[in-house]
Amino acid sequence: MSREIGTRAQVALLLYSTVNVALFTLGVYVVMLNPSLTEHAGFWIAVIVGAALLVTAPFAWCMASCMCGDRWRKKMVAVRSPLANAPTREV
């Protein structure tokens, strides 16, 4: 496993639980606010738990690719100013 994939996997594992909680909470709100789904809430919450566990992994993996430092490091490297060697003037 390359270093980039290892870093991405670690970031994805850190994001997994947070994303899972967010998706689960969103699903429970949908079930509880919809009267036709509330009648069979036990079944629908079980479906939401399973779906959230399956959907969270690829979603966290995609988020980790956006958050890894390799992509941003190239953009944030300080570039020497062209005025750094310019002569100064007396004030």
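Our subject is the structure that appears above.
These remarks concern the structure in this document. (Residues numbered from 1 in each chain as written. Predicted model: local features only at pLDDT ≥ 70, side-chain atom pairs only at ≥ 80, totals over all residues. Heavy atoms only, no water.)

## So, the state of the cysteines
Enumeration according to the criterion identifies 0 disulfides in this entry. You can see Cys62 has no disulfide; the closest cysteine sulfur is in Cys66, sitting 7.6 Å from it. Overall, the relative accessible area of 47% leaves Cys62 in the partly exposed class. (Disulfide = S-S within 2.5 Å. Buried < 20%, exposed > 50% of the residue type's maximum accessible area, 1.4 Å probe, protein only.)

## Some remarks on the nonpolar core
Core analysis: the largest hydrophobic core is formed by 5 residues, namely Ala12, Leu15, Val19, Ala60 and Ala64. Elements supplying a minimum of two residues to this core: helix H1 (3-33) and helix H3 (41-67). Non-local contacts of Val19, meaning those with residues more than four positions away in its chain, are made with Thr56, Phe59 and Met63. (Core = buried A, V, L, I, M, F, W, Y, C linked by side-chain atoms within 4.5 Å. Helix = DSSP H or I, 4+ residues; strand = E, 2+ residues; numbered from the N terminus. Contact = heavy atoms within 4.5 Å.)

## With respect to the packing of aromatic side chains
The geometry of an aromatic ring pair comes down to the distance between the two centres and the angle between the two planes. Counting across every chain of the model gives 1 aromatic pair. Between the aromatic rings of Phe43 and Trp44, the centroid separation amounts to 5.1 Å while the plane-to-plane angle is 70°, which identifies the pairing as edge-to-face. When its relative accessible area of 52% is taken as the criterion, Phe43 is described as exposed. (Phe/Tyr/Trp six-rings, centres within 6.5 Å; stacked < 30°, edge-to-face > 60°.)

## Focus: a nonpolar patch on the surface
A cluster of nonpolar residues, Phe24, Val49 and Leu53, forms a patch on the protein surface that exposes about 220 Å² of accessible area. With respect to the secondary-structure elements, Phe24 resides in helix H1. Owing to a relative accessible area of 32%, Phe24 belongs among the partly exposed residues under this scheme. (Patch = residues over 30% accessible without salt bridge, like charges linked within 9 Å, V, L, I, M, F, W, Y side chains within 5 Å. Areas by Shrake-Rupley, 256 points an atom, 1.4 Å probe, with all protein chains shown as cover. Salt bridge = Lys/Arg side-chain N within 4 Å of Asp/Glu carboxyl O.)

## Thoughts on the environment of Ala41
Locating Ala41 in the fold gives a position in helix H3. The buried category is assigned to Ala41, whose relative accessible area is 14%. In contact with Ala41, other than residues within four places in its own chain, are Val31 and Met32.

## Focus: the side chain of Thr56
Within the secondary structure, Thr56 is located in helix H3. At 2.3 Å, the side chain of Thr56 and the backbone oxygen of Ala52 are in polar contact. In contact with Thr56, not counting residues within four places along its chain, are Tyr16, Val19, Asn20 and Leu23. (Polar contact = N/O pair within 3.5 Å; in protein donor to acceptor, adjacent residues only side chain to side chain.)

## Thoughts on H1
A rise of 1.5 Å per residue sets the reference length of H1, with its 31 residues, at 45 Å; its end C-alpha atoms lie 45 Å apart and thus fit the reference within 8%. When the local axis directions of H1 are compared, the greatest deviation, roughly 35°, occurs at Leu15. (Expected span 1.5 Å × (residues − 1). Bend = angle between axes of the 7 residues up to and from the residue.)

## Digging into the environment of Cys68
For Cys68, the location among the structural elements is in the loop between H3 and helix H4 (69-76). Relative accessible area serves as the criterion here: at 10%, Cys68 is assigned to the buried category. Residues Cys68 and Arg8, 60 residues apart in the sequence, show an inter-C-alpha distance of 6.3 Å. Apart from residues lying up to four places away in sequence, Cys68 is in contact with Thr7 and Arg8.

By themselves these figures say nothing about function.
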